[in-house]
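So you can see what is in the structure, the chains are spelled out below.
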Amino acid sequence: MLRAAGVSAGDEVIVPAFGDSEPAEAALLAGAMPVFADIDPDTYCLDPAAVETVVSPRTVAVVVVHRFGHQAPLGSLYAVGRRHGFLVLEQGEAGAPYANVAVRKERAAHLDRRLRGVRTPQGGAAHTYEQYVVRVPGNGRPDRDAFARALRARGVDCRVPVKTPVHRMPAFRRDAFLPETERAADETLALPLDGALTKRDMQRMVSVCNALGGLLQDAF
């Protein structure tokens, strides 16, 4: 996609650091330099204001990734692109089949109403809940990781959605100021929301999260 857009050596491509490394790798393969911009803390997608702060005369494109079922603010990003004369390219996120979206939204609403031990996702009508990502606030990654281990020990499946932001990876290490990306990487946890989840599973998840999260209430 980048090569087809004419991206080449000496160009810069703005990409998110919160997620997989594919956009940054694609920029390098096209001969360009990946430049990382920060995310919106509610949607985990690129923040248009943060994108604008890293634009340079060599910027030729931004790769926008929709994250966890949140849609990136394309209107605002296209406006930034027009203002500075660069392309806005979309990368979709693989997720649940369309038929499952209504079920996922229903289960997400159920969890939103009952979970107290974690910070629930910012929803909205457009959110399709490809993943149900909560926040475990505290003093950084050890709190989230300890919380995840405790959940798994009590039979609740969960996973860290982004273990290492791309700008921390050795191949892409940059001295970038990305506070929301860093915070999200340290606090986020994806809870199960798939078709195999039973009502009993959801009750157990709520009960365990609320019991463990009671220790974290002062951090909210």
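This text goes with the structure placed above it.
Residues numbered from 1 in each chain as written. Predicted model: local features only at pLDDT ≥ 70, side-chain atom pairs only at ≥ 80, totals over all residues. Heavy atoms only, no water.

A.B. asks: Explain the environment of G195 to me, please; I cannot follow it from the model alone.
C.D. replies: By the secondary structure assignment, G195 is in the loop between β6 (188-191) and α7 (199-213). G195 sits 95 residues away from N100 along the chain, and the two C-alpha atoms are 7.9 Å apart. (Helix = DSSP H or I, 4+ residues; strand = E, 2+ residues; numbered from the N terminus.)

A.B. asks: Hey, could you run me through the pairing of strand β4 (residues 87-91) in this one?
C.D. replies: Along any regular strand the residues' side chains alternate between the sheet's two faces. Across five bridges, the pairing between strand β3 (residues 59-65) and β4 is parallel. For V64, the partnering residue across the bridge sits in β4 and is E90. Handedness of the β-α-β unit built from β3, helix α3 (residues 74-84) and β4 comes out right-handed. (Pairing = 2+ DSSP bridges. Right-handed = clockwise from strand over helix to strand, strands pointing away.)

A.B. asks: Please clarify how the pairing of β6 should be interpreted in this entry.
C.D. replies: The alternating pattern of β6 places T188 and A190 on one face and L189 and L191 on the opposite face, and all of these are buried. Relative to β6, strand β5 (residues 132-135) runs antiparallel, the two being bridged by four bridges. Looking at the pairing, R135 lines up with T188 of β6. (Buried < 20%, exposed > 50% of the residue type's maximum accessible area, 1.4 Å probe, protein only.)

A.B. asks: Where do I start with the pattern of salt bridges in this structure?
C.D. replies: Side chains bearing opposite charge may pair, as long as their charged atoms lie close to each other. With the rule as written, the count across this model stands at eight salt bridges. Here D186 ties to R168 by a salt bridge, and the two come within 3.6 Å at their closest N and O atoms. One end of the pair, D186, is in helix α6 (residues 179-187); the other, R168, is in the loop between α5 (141-153) and α6, with 18 residues separating them in the sequence. Taken together, the shared-partner salt bridges connect R168, E182 and D186 into one network. (Salt bridge = Lys/Arg side-chain N within 4 Å of Asp/Glu carboxyl O.)

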